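Descriptive analysis of the structure
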Amino acid sequence: MLTVLAALSCRSVSKEKVVPTFDGDRAMKYLEAQVAFGPRVPGSASAERCREYLAAFCRELGGEIDTMQFFHADKHTGKNIEMVNLIARFSGEAGPEGERILLAAHYDSRPRAELDPDSSKQNLPIDGANDGASGVAVLMELANLIAVQKPRVNIDLVFLDGEDFGMSGDLSDYFLGAKEMTRRGIKGKYRCAVVVDMVGDRDLRVYRENFSEQYFPELNDKIWETAHTIGETTFSDTVGYFVHDDHLSFMTVGLPSVVVIDFAYQYWHTSHDTPDKCSAASLASVGRVMAHFIYNL
Ligand SMILES: [Zn+2]
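Criteria and cut-off values
Residues numbered from 1 in each chain as written. Predicted model: local features only at pLDDT ≥ 70, side-chain atom pairs only at ≥ 80, totals over all residues. Axes fitted to C-alpha atoms, helices over the stretch in contact; angles between N-to-C directions. Helix = DSSP H or I, 4+ residues; strand = E, 2+ residues; numbered from the N terminus. Parallel < 35°, antiparallel > 145°, perpendicular 65-115°, else oblique. Left-handed = near helix turned anticlockwise from the far one by under 90°. Contact = placed C-beta atoms within 7 Å. Nonpolar A, V, L, I, M, F, W, Y, C, P; charged D, E, K, R; others polar. Buried ≥ 20, exposed ≤ 12 C-beta atoms within 10 Å, placed from the backbone. Pairing = 2+ DSSP bridges. Expected span 1.5 Å × (residues − 1).

Right, let's get into the packing of helix 4 (residues 129–148) against helix 9 (residues 280–295). Viewed as axis vectors pointing N to C, helix 4 and helix 9 meet at an angle of 50°, and their least axial separation amounts to 10 Å. Our classification of the angle between helix 4 and helix 9 gives oblique. Viewed along their axes, helix 4 and helix 9 form a crossing whose handedness is right-handed. The residues of helix 9 that touch helix 4, namely those facing Ser 134, Ala 137, Val 138, Glu 141, Leu 142 and Leu 145, are Leu 283, Val 286, Gly 287, Met 290 and Ala 291. Classifying every residue of the contact of helix 4 with helix 9 gives eight nonpolar, two polar and one charged.

Here it is, written out as structure tokens:
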């Protein structure tokens, strides 16, 4: 029996690459740090400070920083709002001409809590601890891993602005950063794109998102197989919701793109989307899957 176990464990070790440890507690601190800037509403001073924090963080770890500024005419206020995507490029062992992947999360938080049970709060911006900051926190901790051990592939960590700007029911003012990035040209630049959003929920359950599953099932398979291989039981093979998110913009040019998201979050678009509803364990669960995914490409 011992011999059999040893043989099995050897086989799994040789198949899976050695991957640096994803630190969920550290990721949780990154989530809290973002929330501490205040709501990262596009065009606000808080958004700018958070962006500078992210840029300094990634630069320190060896990322090459690029910003993509654009303006969005807000049809509800008539204001022209500055938005900025932040791109941190990390080189892998494949070399500059080698394969590159895109990992994205939105760093903006929603300007209004329209689903808040207290109607007096529905026009106030949200903290976006889970809806926004959780995905960014996972990317930040992945940057720590990449800095200590290069994966084979080159990786662009992209912090998108204006994901959650629109009025519910009108998709034209959502995903603005991803749309801008797609418009400026991503075709042929990347092997694939993975968006992480709403991955901090204490009660984490990550279903396969339905658009991702319909258009790029092989990429979804690769991520969920990774989760099974390393024993992350928070990832369920069930196909869940259709979620409109930044991945849909990347899909429009044929780039294999999926979103990793737990959309069943009772504090969604309310003033209660705060760090206490999130956990280090949930961030670590998704972070470990993403780490094993990128180191095995
Ligand atoms: Zn949202």
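All right, on to the packing of helix 7 (residues 217–230) against helix 9 then. Axis separation between helix 7 and helix 9 bottoms out at 9 Å; the angle between their running directions is 110°. Taken together, the axes of helix 7 and helix 9 are roughly perpendicular relative to one another. Viewed along their axes, helix 7 and helix 9 form a crossing whose handedness is right-handed. Across the interface between the two elements, Lys 222, Ile 223, Thr 226, Ala 227 and Ile 230 from helix 7 touch Arg 288, Val 289, His 292 and Phe 293 from helix 9. Grouping the constituent residues of the contact of helix 7 with helix 9 by class yields five nonpolar, two polar and two charged.

Backbone geometry places Phe 175, a non-glycine residue, at a positive phi of 55°. For Phe 175, the position within the fold is in the loop between strand 4 (154–160) and helix 5 (176–184). Among the residues examined, Phe 175 registers 26 C-beta atoms within 10 Å and is labelled buried. One non-glycine residue, His 269, lies in the positive phi region at around 55°.

What follows concerns the pairing of strand 8 (residues 257–261). Consecutive side chains along a regular strand alternate between the two faces of the sheet. With five of five residues buried, strand 8 lies mostly within the body of the structure. Residues of strand 8 alternate between two faces, with Ser 257, Val 259 and Ile 261 on one and Val 258 and Val 260 on the opposite face, all of them buried. Direction of pairing for strand 5 (residues 193–197) relative to strand 8: parallel, over a ladder of five bridges. Paired with Val 196 across the two strands is Val 260, which belongs to strand 8.

For Leu 124, the location among the structural elements is in the loop between strand 3 (100–106) and helix 4. The partly exposed category is assigned to Leu 124, around which 15 C-beta atoms lie within 10 Å. For Leu 124 and Pro 256, which are 132 residues apart along the polypeptide, the C-alpha to C-alpha distance reads 36 Å.

In this section: helix 4. The terminal C-alpha atoms of helix 4, which comprises 20 residues, lie 27 Å apart, in line with the 28 Å expected from a rise of 1.5 Å per residue. Here helix 4 lies mainly inside the structure; 17 of its 20 residues are buried.

Our next topic: the sheet that holds strand 5. Strand pairs in the sheet, formed through backbone hydrogen bonds, run parallel or antiparallel to each other. With mixed pairing, six strands are arranged side by side in an open sheet as 1-2-4-3-5-8. Either end of the sheet is taken by a strand with one partner, and the two such strands are strand 1 (64–73) and strand 8. Strand-to-strand twist in this sheet, taken as the mean axis angle between neighbours without regard to direction, amounts to 20°. In terms of strand pairing, strand 3 meets strand 5 through three bridges, oriented parallel. Note on strand 5: the bridge partner recorded for Leu 103 is Val 194.

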